[in-house]
Amino acid sequence: MRTLATCITTLLIGLTLTAQADDLPHRDDFTMNAIGGGDFRAYVMDHVAEDDGWAQAMRTLGVLHNHMHEMMTQFAHHAMEETDQGERVPGFEQRISGGEWSDYRAALEENADTGSWPDMVQITEIMHDRVHHMMVSAVFYDHASRRRDADLEGDYLDGRAPHPQRDTLPEAASLKVEFPAPDAFRERVWRDPIDGERWHAALQKVTVFEVLLQDLMTQFAQYGMAKLDSACRPPEGASRVSGEDWSAYADRVSACEETEWQHLVRITGLAHDRVQHMALALLRYDAERHDRETPEAMDPTGQ
């Protein structure tokens with residue numbers, strides 16, 4: 001039997017989450033370019049044959065993309081098998097695609113489902129789009145900087161990158177991004193017992209996803225250190241790049257005259273921020289699921 005304190009906590013969580021949902025960003029708020037995962041893989045296999053730091057970063061980005069879809073597939077299986085709204089998840093084969101995830105988000109909207117799980121689904125859709133935006137930005141940079149003999153639109157983009165890149169960079173003040181406290185997500189996974197096979201597997205995949213993204217940002221930063229233009233180089237600092245380090249890099253890179261590199265750095269920062277926003281949304285769902293206090297968001301600029 002639930003105690004009065006538990007009921008009050010649950011009510012407060014519900015009120016907080018309702019307020020959050022009213023201010024939650026939506027995919028339609030953003031203009032993004034993209035490249036399909038298979039097309040990105042084909043581009044790298046067709047053209048990125050070097051054995052250097054940049055080529056390694058491109059391959060890491062491909063691994064990050066594949067892991068993202070495996071992580072989202074675990075989310076979908078959790079929804080189907082361990083919640084009471086599994087019928088909202090569209091049919092998919094081995095791994096859920098971005099289009100199928102958007103169908104899922106649309107189904108939750110159509111049925112006016114509320115709570116922290118639909119919020120997480122919505123934020124994950126934006127995160128997914130930003131990762132694909134980062135992927136196409138890496139292709140644009142590679143194509144320009146390595147002078148590749150490749151027909152991007154004809155062979156790889158398939159109409160998915162119709163916008164000038166400068167038009168896909170929102171003003172920082174217009175973004176509604178929330179972060180969990182440092183290490184909060186990993187500590188949740190490590191400290192708490194396994195309480196559902198799919199759910200725990202999903203959380204574990206998120207921790208790996210965060211590590212992969214940090215590896216990728218570090219590889220990008222190490223490559224950027226060799227830039228002749230100081231505005232294109234990351235600030236001197238730690239050997240392993242944190243979100244705070246990358247934010248400082250994105251702030252200074254606006255003066256970089258290598259336009260494609262500037263765009264890649266800034267869009268990577270946008271993708272990182274949405275990964276963190278997704279992590280906070282997952283923690284809030286986890287708190288709601290276990291009748292625990294919902295975690296507070298921290299100021300992303302003060303992380």
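A short tour of the structure in this document, coming up. For clarity, every value in this text was computed on a predicted model and none was experimentally measured.

So, how was this worked out
By convention here, each chain's residues receive numbers from 1 onward along its written sequence. Per-residue local features of the predicted model are confined to residues with pLDDT of at least 70, and side-chain atom pairs are confined, for both listing and counting, to 80 or more; whole-chain, interface and lining totals are unaffected and use all residues. Side-chain metrics in this entry use all non-hydrogen atoms of the structure; hydrogen atoms and water are not considered. Secondary structure is summarised from DSSP: a helix means a run of H or I of at least four residues, a strand means a run of E of at least two, and numbering begins at the N terminus for each. Computation of the radius of gyration draws on C-alpha atoms alone. For the globule rule, the value is 2.2 Å times the number of residues to the power 0.38. Only protein chains enter the accessibility calculation, which uses a 1.4 Å probe; a residue is then buried when its area is under 20% of its type maximum, exposed when over 50%, and partly exposed in between. The contact criterion used is simple: two residues touch if any of their non-hydrogen atoms lie within 4.5 Å. Throughout, the Shrake-Rupley method with a 1.4 Å probe supplies accessible areas, and for residues the shown protein chains are the sole cover considered. Neither His nor the chain termini are counted; the positive set is Lys and Arg, and the negative set is Asp and Glu. To locate a charge, the coordinates of NZ of Lys, CZ of Arg, CG of Asp or CD of Glu are taken. Residues forming no salt bridge and having over 30% relative accessible area are the ones grouped into patches, like charges within 9 Å of each other and nonpolar side chains (Val, Leu, Ile, Met, Phe, Trp, Tyr) within 5 Å. Each reported salt bridge corresponds to a side-chain nitrogen of Lys or Arg within 4 Å of a carboxyl oxygen of Asp or Glu. In this analysis, rings of Phe, Tyr and Trp, with Trp reduced to its six-membered ring, are considered paired at centre separations within 6.5 Å, and the interplanar angle assigns stacked below 30 degrees, edge-to-face beyond 60, and tilted for intermediate values. Put simply, a nonpolar core is a bunch of buried Ala, Val, Leu, Ile, Met, Phe, Trp, Tyr and Cys residues held in one set by side-chain atoms that sit within 4.5 Å of each other. What counts as a disulfide here is a pair of cysteine sulfur atoms lying within 2.5 Å.

### Quick look at the overall build of the protein
- Helices and strands together make up the secondary structure of the protein, namely ten helices and zero strands.
- The helix and strand sequence of the protein, counted from the amino end, reads α-α-α-α-α-α-α-α-α-α.
- Taken against the 2.2 N^0.38 rule, which gives 19 Å for 303 residues, the C-alpha radius of gyration of the protein at 20 Å falls within 12% of a compact globule.
- The buried share of the protein, taken over its 303 residues, is 50%.
- Within the protein, counting contacts between residues at least 6 apart in sequence, those at least 24 apart form 74% of the total.
- Just so you have it, the protein exposes about 14500 Å², and 48% of that area is on carbon and sulfur atoms.
- For the protein, the distance from the average position of its 28 positive side-chain charges to the average position of its 54 negative side-chain charges is 3 Å.

### Some points on a negative patch on the surface
- Taken together, the side chains of D46, D151, E153, D155 and D158 present a region of like negative charge at the surface.
- The residue D158 is located in the loop between helix 6 (152–157) and helix 7 (184–191) in this model.

### Describing the packing of aromatic side chains
- The full count for this structure, using the stated rule, is 17 aromatic pairs.
- Both rings, one in W199 and one in Y285, keep their centres 5.0 Å apart while their planes meet at 80°; by these two values the pair is edge-to-face. Within this pair, whereas W199 is found in helix 8 (residues 197–224), its partner Y285 is found in helix 10 (residues 259–289), the two being separated by 86 residues in sequence. Y285 shares its class with W199; the two are buried.
- Judged by centre distance (6.4 Å) and plane angle (75°), the ring pair of F220 and W261 falls under edge-to-face. Here W261 lies in helix 10 and F220 lies in helix 8, a separation of 41 residues in the sequence. You'll find F220 and W261 in the same group, each marked buried.

### Some thoughts on the pattern of salt bridges
- Counted according to the given criterion, the structure contains 20 salt bridges.
- The closest approach of N and O atoms between K227 and E258, which form a salt bridge, is 3.0 Å. You can see K227 sitting in the loop between helix 8 and helix 9 (243–252) and its partner E258 sitting in the loop between helix 9 and helix 10, a full 31 residues away along the chain.

### Things to note about the nonpolar core
- Of all hydrophobic cores here, the largest spans 76 residues; its most connected members are F75, M134, W261 and M278.
- Apart from residues no more than four positions distant in its own chain, M134 is found in contact with L61, L64, L213, L216, F220, L264, I267, T268 and A271.

### Regarding the side chain of H65
- Relative to the elements of secondary structure, H65 occurs in helix 3 (residues 53–82).
- In this structure H65 touches G37, R95, H132 and M135, once residues within four positions along its chain are discounted.

### Remarks on the state of the cysteines
- With the rule as written, the count across this model stands at one disulfide.
- Paired through a disulfide, C232 and C256 show a sulfur-sulfur distance of 1.9 Å. Across the disulfide from C232 to C256, rotation about the S-S bond amounts to roughly 90°, and the bridge is consequently right-handed. Here C232, found in the loop between helix 8 and helix 9, pairs with C256, found in the loop between helix 9 and helix 10; they are 24 residues apart in sequence, far enough to count as distant. For the pair formed by C232 and C256, the shared burial category is buried.

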